[in-house]
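Chains, contacts and geometry: an overview
One letter stands for each residue in the lines below.
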Amino acid sequence: MADDYICTMRKIFVLAAAFLCAAASVRVEARCVDEPTYTAGKVLTDTLSEVVVTGTRNKTDIRHLPMTVSVVDRPVIEYSNVPSLLPVLTEQVPGFFTTSRGIMGYGVSDGAAGTISIRGLSGGSGQVMVLIDGHPQYMGMFGHPISDAYQSLMAERVEVLRGPASVLYGSNAMGGVVNIVTRKMEQDGVRTNINAGYGSWNTVQTELTNRVRYKGFSSIISASYNRTDGHRTDMGFEQYGGYAKLGYDFTDNWRIRADVNVTHFNASNPGTVSDPLADADQSVTRGMTSLAVENEYERTSGALSVFYNLGDHHINDGYHPSAGEQPLDYRFNSHDDMMGISAYQSVRMFRGNRLTVGVDWYRFGGSAWNRYVVGERNGEREDIADVVQHEVAGYVDFRQNIGTWLTLDAGVRIDHHSHVGTEWVPQAGLSFHLPYAIEIKASASKGFRYPTIREMYMFPPQNPDLRPERMWTYELALSQKLLEGRLSYGLNIFYISGDNMILRLPNPDGAGMLNQNSGEIRNAGVEAQAAWRIARDWSVDANYSFLHMDNPVVAAPEHKLYVGGLFSHGRWHVSTGVQYVAGLYTQVGENPVQEDFVLWNVRASFRILEWMSVWVRGENLLDWQYEINAGFPMPGANVTGGLNFEF
């Protein structure tokens, strides 16, 4: 069966390649323009003139990258008026999905949401990496992102690379990366923004941002406070966040920047509707800081950066009163941190060439323990784990333009883990730049993930002998701009083949369960996006993704469609969008459960004065009843509104 499936997928790819080549030969009168096209409040994903940094460290025209990168710019982030970045990315990026359980807040531990999925690969399993300005943000012990830390206030843009990025970023980037590029100030002056809103279930969201630029100096300081009672009992959420960034341009070619980001949140988990939890409360603090020195010349550019992330978690896992359980006599605590040094330099040795060489060193780990709070053991500490690991790597990426119609890209990474061993990671791709603004891309890349400290050393069924997960992704993509750039579309197909996936299986020795490298992954899919600026004030955009999985996982829908429209004229800015999700597994195994749902959202703002506007956001206006996390019904129709001040 497996051989038949692989054979079938190969045939599909051959047919797809033929289709793409045929499409490239269609004669459509169009020309490529240099200006970015704004549609639905954002720069179109995968536009031909877009400059990105995620797929190649240095600034690069997206046309010369063989991988698929989607870009969500500041306008769509601002007009969404949501404090978290993840709902915006779920709408705008095909193949990208995030779990949710309420109107605000994701939480941690059992019952938590905020799991990021790209093409069926999960950030909750450490297979998708989140970056802030290129620096990894995963937990040192558990190996996955903390979604409540990724707030809209810090982001100038978000670049999502769909597919392996392990050559540049190492472990945890096997399924893709989400790179949050932090805010900046381009022109001299002072700008201050205050945004405050109130909505359903006593939800409050606030944000204050001040930006300054004077000659070579720049600064950004942001603070936020968000809270909600939640749409269910015992589902409250409260968050304090702050972000600061300082920079100085010594010359036109050299600059230095430093930043710090801290978020603290308190979350409660009510449990499933059929089996409620009591006292399941979480108190989490996450912080990061970095320092970077950057250079940029006509023929070369690079950076040297150091970063440090940390987290403190205090968790009461709660109890089930309906089962006759009593309150727990202990609390789970953990502290993790991660520090690293990254350096790269990119140089153009001759015409059409770009060579990038880099090195990374990471130290990550932490400790976990239970602290007893009642009884004879009150105050006693019971250690669970105290582990530190290291990762060191070097990589080379070579890109060469051949004439004006072809770009060749190839790279390799050598990565060594202190407890697991050494991994070789290659990738290669071609980008064809054809007449009539047509781009065709083909790529093959390897992704990998080292087992986490939790999988190796914490809680049964831990296994210290685990090996890395490995996979290959093969992809073909077609994109084009028409009507002088007012119409844009893209289509890509992919096939993922992986082994050594870590599964929880019966111990061969017969003693309970054991984490083992026994899983396989065979995913294939199609992703498409299109946007049309109908007139100066009107535009529409859409994206769709189809995902086939041999071995289904939760939080990876089979079908995801988003269609949005924007009207922007004078003082008015109104957008609306409909999202359709089908074949979403909320439970797998012997009794799988799938969900289908349709969400209709509306966002509008009106500028009352030059410095003040009023906004409103309506979500799930069809009042659809659905679940994303099994047993956690999502909020019905809800409305939030507020004021925005700019001066």
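Residues numbered from 1 in each chain as written. Predicted model: local features only at pLDDT ≥ 70, side-chain atom pairs only at ≥ 80, totals over all residues. Heavy atoms only, no water.

The subject of this paragraph is the overall build of the chain. Helix and strand counts for the chain stand at five helices and 34 strands. A compact globule built from 647 residues would reach a C-alpha radius of gyration of about 26 Å, and the chain, at 24 Å, matches this within 12%. Along the longest, intermediate and shortest principal axes, the C-alpha atoms of the chain span 80 × 60 × 50 Å. Looking at the 647 residues of the chain, the share that counts as buried comes to 56%. Across the chain, every contact between residues at least 6 apart in sequence was considered, and the portion connecting residues at least 24 apart equals 62%. Surface exposure of the chain reaches about 26700 Å², of which carbon and sulfur atoms provide 59%. The chain carries 53 positive and 70 negative side-chain charges, and their two centres are separated by 8 Å. (Helix = DSSP H or I, 4+ residues; strand = E, 2+ residues; numbered from the N terminus. Rg over C-alpha atoms; globule rule 2.2 N^0.38 Å. Buried < 20%, exposed > 50% of the residue type's maximum accessible area, 1.4 Å probe, protein only. Contact = heavy atoms within 4.5 Å. Areas by Shrake-Rupley, 256 points an atom, 1.4 Å probe, with all protein chains shown as cover. Lys, Arg positive; Asp, Glu negative; His and termini not counted. Charge placed at Lys NZ, Arg CZ, Asp CG, Glu CD.)

Another aspect to go through is the side chain of S122. Along the chain, the position of S122 falls in strand β8 (residues 121-122). Engagement of the side chain of S122 in a polar contact is seen with the backbone nitrogen of G124, the distance being 3.0 Å. Setting aside residues no more than four positions away along its own chain, S122 makes contact with T115, I116, S117, Q127 and V128. (Polar contact = N/O pair within 3.5 Å; in protein donor to acceptor, adjacent residues only side chain to side chain.)

Attention now goes to the nonpolar core. Grouped together as the largest cluster of nonpolar side chains are 38 residues, with contacts concentrated most on L89, F96, V158, V160, V178 and I180. Those elements that place two or more of their residues in this core are α2 (74-80), α3 (86-92), β7 (116-118), β9 (129-132), β11 (155-162), β12 (176-182), β27 (487-506) and β29 (538-549). (Core = buried A, V, L, I, M, F, W, Y, C linked by side-chain atoms within 4.5 Å.)

One open sheet accounts for three strands, arranged β6-β7-β8; its pairing is antiparallel. Here the strands that pair on one side only, and so sit at the sheet edges, are β6 (96-98) and β8. Examined bridge by bridge, β6 and β7 share three bridges and lie antiparallel to one another. Its bridge partner lying in β7, F97 is registered against S117. (Pairing = 2+ DSSP bridges.)

The pairing of β27 with strand β28 (residues 513-532) spans 18 bridges and is antiparallel. By the bridge assignment, L503 is partnered in β28 with Q516. Counted between consecutive antiparallel strands, the loop separating β27 from β28 contains six residues, among which G510 sits at a positive phi close to 85°. Two elements, β28 and β29, share 10 bridges in a ladder whose sense is antiparallel. The partner of A530 across the bridge, within β29, is A542.

Next up on the list: unusual backbone geometry. Backbone torsion omega between P460 and P461 reads 15°, so that peptide bond is classified as cis. Along the chain, the position of P461 falls in the loop between α5 (453-457) and β26 (469-482). Of note, D279 is a non-glycine position whose phi angle comes to about 60°, a positive value. Relative to the helices and strands, D279 is located in strand β18 (residues 278-296). Residues other than glycine seldom take positive phi values, yet F459 does so here, at roughly 65°. Judged by its relative accessible area of 30%, F459 is partly exposed.

Turning our attention to the pattern of salt bridges. By the definition in use, this model includes 29 salt bridges. With a shortest N-O distance of 3.0 Å, D249 and R213 are connected by a salt bridge. Note that D249 is positioned in strand β16 (residues 237-249) and R213 in strand β14 (residues 203-214), a separation of 36 residues in sequence. By relative accessible area, which is 26% here, D249 ends up partly exposed. Overall, R213 belongs to the buried group, its relative accessible area being 16%. (Salt bridge = Lys/Arg side-chain N within 4 Å of Asp/Glu carboxyl O.)

Before going further, it helps to examine the environment of Y372. Counting through the fold element by element, Y372 comes out in strand β21 (residues 353-372). If near-sequence neighbours (up to four positions away) are discounted, Y372 is found in contact with D329, Y330, R377, N378, G379, E380 and E382. In terms of polar contacts, Y372 uses its side chain to reach the side chain of R377, at 3.1 Å.

Taken together, the five strands give an open sheet; going across it, the order is β5-β11-β12-β9-β10, and neighbouring strands pair in mixed fashion. Because the sheet does not close on itself, it has two edges, and the strands there are β5 (68-73) and β10 (135-136). With four bridges connecting them, β9 and β12 associate as parallel partners. Note on β12: the bridge partner recorded for L131 is N179.

Our next topic: the side chain of N543. Structurally, N543 is set in strand β29. At a separation of 2.9 Å, a polar atom in the side chain of N543 contacts the main-chain carbonyl oxygen of E91. Here Q92 takes part through its backbone oxygen, which lies 3.5 Å from a polar atom of the side chain of N543. Residues in contact with N543, not counting those within four places in the same chain, are E91, Q92, V93, P94, A528, Q529, K560, L561 and Y562.

A complete count under the given rule lists 15 aromatic pairs for this structure. For the ring pair Y138 and F364, a centre distance of 6.3 Å and an interplane angle of 75° mean the geometry is edge-to-face. Remark: F364 occurs in strand β21 and Y138 occurs in the loop between β10 and β11; sequence separation between them is 226 residues. By relative accessible area, Y138 is classed as buried at 7%. Aromatic side chains W572 and F606 sit 4.7 Å apart centroid to centroid with 45° between the ring planes, which places their arrangement in the tilted category. With W572 in strand β31 (residues 572-587) and F606 in strand β32 (residues 593-609), this residue pair connects regions lying 34 residues apart in the sequence. Across from the ring centre of F494, 4.3 Å away, lies the NZ or CZ of R119, which sits over that ring. The side chain of R377 reaches across the aromatic face of Y372, ending 4.0 Å from its centre. (Phe/Tyr/Trp six-rings, centres within 6.5 Å; stacked < 30°, edge-to-face > 60°. Lys NZ or Arg CZ within 6 Å of the ring centre and 35° of its normal.)

The pairing of β21 with strand β22 (residues 381-402) spans 19 bridges and is antiparallel. Opposite V357, over in β22, you have V396 as the bridge partner. In this structure, β22 lies alongside strand β23 (residues 406-417), joined through 12 bridges in antiparallel fashion. Residue pairing for β23: R399 is matched across the bridge by D409.

Everything listed here is a matter of geometry and, on its own, says nothing about what the molecule does.
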